[in-house]
Amino acid sequence: MIINCIIVEDEPLALERVKGFVLKLPFLHLLSEFDNAFDALTFLKTNEVDLIFLDINMDEFSGIQLLETSVIRSQVIIATAYHEYALKGYDLKVADYLLKPFTLERFVQAVDRVQNNLALTENANHKKFIFVKTEYRLEKILLSEIVFIEGMHDYRKIHCLDKRIMTLQTFTDLEKEIPSTLICRVHKSFMVALDKIESIEKDRIRIQDQLIPISETYKQAFYKTINYSTK
């Protein structure tokens, strides 16, 4: 698997160090390097990138601000001297967090994690169906048939095009089985099929005859998934 990557780093020596590590791994293809997040943002709007090596503490427009934009759909490895941003980075679902100065071995470990994430995503995107435990049987459900999933006390009600299925499987269980690029969590009580959404207004999704709220907890991730910025 060839991984197309970019480096966003405003310290010349640090940039050269990361670049040197990238060039040691033949499956990493360096598309470009940037000394500021603004130029990286412009590049990401028109180019497909698998992985970003990102510094945090940059002038004017920080790495965290770049991460919070809707254009970031890539895997991200943060490379920084500031450990206090680690929790924020993981909240934004970065693949790994490298504290400078880091070794080649630690760099390779981070890239291995990205490889695994990309492989899992690729496999998930080709997934066509799941099996759901309902009553005393496992029922096969085509992902293309799911409209939305609703939480009802201890149960999850899966609304399909031609049937309704009740299961005790949790949302966490279902999220592990279903790619978020197809069916996305938008609320503690709802997951929705992105291709079935009719409209979105005032953080409410209209899908068939149902209005489904988008909660603050899932709002940022949802809009990022549909590639829309709320700013």
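Look up: the structure comes first, before these words.
The shown structure was predicted, so the numbers you read here are calculated from the model rather than taken from an experiment.

A.B. asks: Describe the pairing of strand E11 (residues 183-187), and please don't skip the residues or the numbers.
C.D. replies: In terms of burial, E11 is a largely internal element, five of the five residues being buried. Pairing of E11 with strand E12 (residues 190-193) involves four bridges; the strand directions are antiparallel. If you follow isoleucine 183 over to E12, its bridge partner there is alanine 193. If you look at the hairpin formed by E11 and E12, you'll find two residues sitting between the two strands.

A.B. asks: Give a detailed account of the sheet that holds E11, specifying residues and quantitative values.
C.D. replies: Strand order in the open sheet formed by five strands is E10-E9-E8-E12-E11, and the pairing between neighbours is antiparallel. Across the chains shown, the open sheet's two edge strands, defined by having one partner strand only, are strand E10 (164-167) and E11. Along the sheet, successive strands turn relative to each other by an average axial angle of 20°, direction set aside. Where strand E8 (residues 146-152) lies against E12, three bridges are found, and the strand directions are antiparallel. The residue of E12 that forms the bridge with glutamate 150 is phenylalanine 190.

A.B. asks: I'd like a rundown of the sheet that holds strand E1 (residues 3-8), residues and numbers included.
C.D. replies: Pairing in this open sheet of five strands is parallel, and the strands run E2-E1-E3-E4-E5 from one edge to the other. What marks the edges here is a single partner per strand, and that holds for strand E2 (28-34) and strand E5 (96-99). Averaged over all pairs of adjacent strands, the angle between strand axes in this sheet comes to 20°, irrespective of strand direction. Of the pairings in the sheet, the one linking strand E3 (residues 51-54) to strand E4 (residues 75-80) comprises four bridges and is parallel in character. Bridging across to E4, leucine 51 finds its partner in glutamine 75. In the packing of helix H1 (residues 12-24) onto the sheet, contacts are made with E1, E2 and E3, and the angle to E2 comes to roughly 165°. Across the sheet, helix H2 (residues 37-46) is in contact with E1, E2 and E3; its angle to E2 comes to roughly 130°.

A.B. asks: Which residues make up the packing of aromatic side chains, and what are the values?
C.D. replies: One pass over the full model with this rule turns up nine aromatic pairs. Measuring from ring centre to ring centre gives 5.3 Å for phenylalanine 21 and phenylalanine 107, while their planes differ by 55°; the resulting arrangement is tilted. One end of the pair, phenylalanine 21, is in helix H1; the other, phenylalanine 107, is in helix H5 (residues 104-125), with 86 residues separating them in the sequence. The two residues phenylalanine 21 and phenylalanine 107 agree in class, both being buried. Judged by centre distance (4.7 Å) and plane angle (15°), the ring pair of phenylalanine 38 and phenylalanine 61 falls under stacked.

A.B. asks: Which residues make up the environment of valine 94, and what are the values?
C.D. replies: Among the secondary structure elements, valine 94 is positioned in the loop between helix H4 (86-91) and E5. Considering only alpha carbons, one finds valine 94 and isoleucine 78, 16 residues apart in sequence, at a separation of 7.2 Å.

A.B. asks: Please give an account of the pattern of salt bridges that cites residues and values.
C.D. replies: Throughout the structure, instances matching the rule amount to twelve salt bridges. For the salt bridge of aspartate 96 with arginine 106, the shortest nitrogen-to-oxygen distance reads 2.8 Å. A residue pair is termed long-range when its members are at least 10 positions apart, and aspartate 96 in strand E5 and arginine 106 in helix H5 qualify at ten residues. The class of arginine 106 is partly exposed, set by a relative accessible area of 26%. Close ionic contact of glutamate 139 with arginine 137 constitutes a salt bridge, the shortest N to O distance being 2.9 Å. Residue classification places glutamate 139 among the buried positions, given a relative accessible area of 15%. Relative accessible area serves as the criterion here: at 41%, arginine 137 is assigned to the partly exposed category.

A.B. asks: Can you lay out a nonpolar patch on the surface for me, pointing to particular residues and giving the numbers?
C.D. replies: A cluster of nonpolar residues, Phe129, Phe131, Leu138 and Leu142, forms a patch on the protein surface that exposes about 380 Å² of accessible area. Elements represented by at least two residues in the nonpolar patch include exactly strand E6 (129-134) and strand E7 (137-142). Looking at the secondary structure, you find phenylalanine 129 in strand E6. You can call phenylalanine 129 partly exposed: its relative accessible area is 34%.

Criteria and thresholds
- Residues numbered from 1 in each chain as written.
- Predicted model: local features only at pLDDT ≥ 70, side-chain atom pairs only at ≥ 80, totals over all residues.
- Heavy atoms only, no water.
- Buried < 20%, exposed > 50% of the residue type's maximum accessible area, 1.4 Å probe, protein only.
- Helix = DSSP H or I, 4+ residues; strand = E, 2+ residues; numbered from the N terminus.
- Pairing = 2+ DSSP bridges.
- Axes fitted to C-alpha atoms, helices over the stretch in contact; angles between N-to-C directions.
- Contact = heavy atoms within 4.5 Å.
- Phe/Tyr/Trp six-rings, centres within 6.5 Å; stacked < 30°, edge-to-face > 60°.
- Salt bridge = Lys/Arg side-chain N within 4 Å of Asp/Glu carboxyl O.
- Patch = residues over 30% accessible without salt bridge, like charges linked within 9 Å, V, L, I, M, F, W, Y side chains within 5 Å.
- Areas by Shrake-Rupley, 256 points an atom, 1.4 Å probe, with all protein chains shown as cover.

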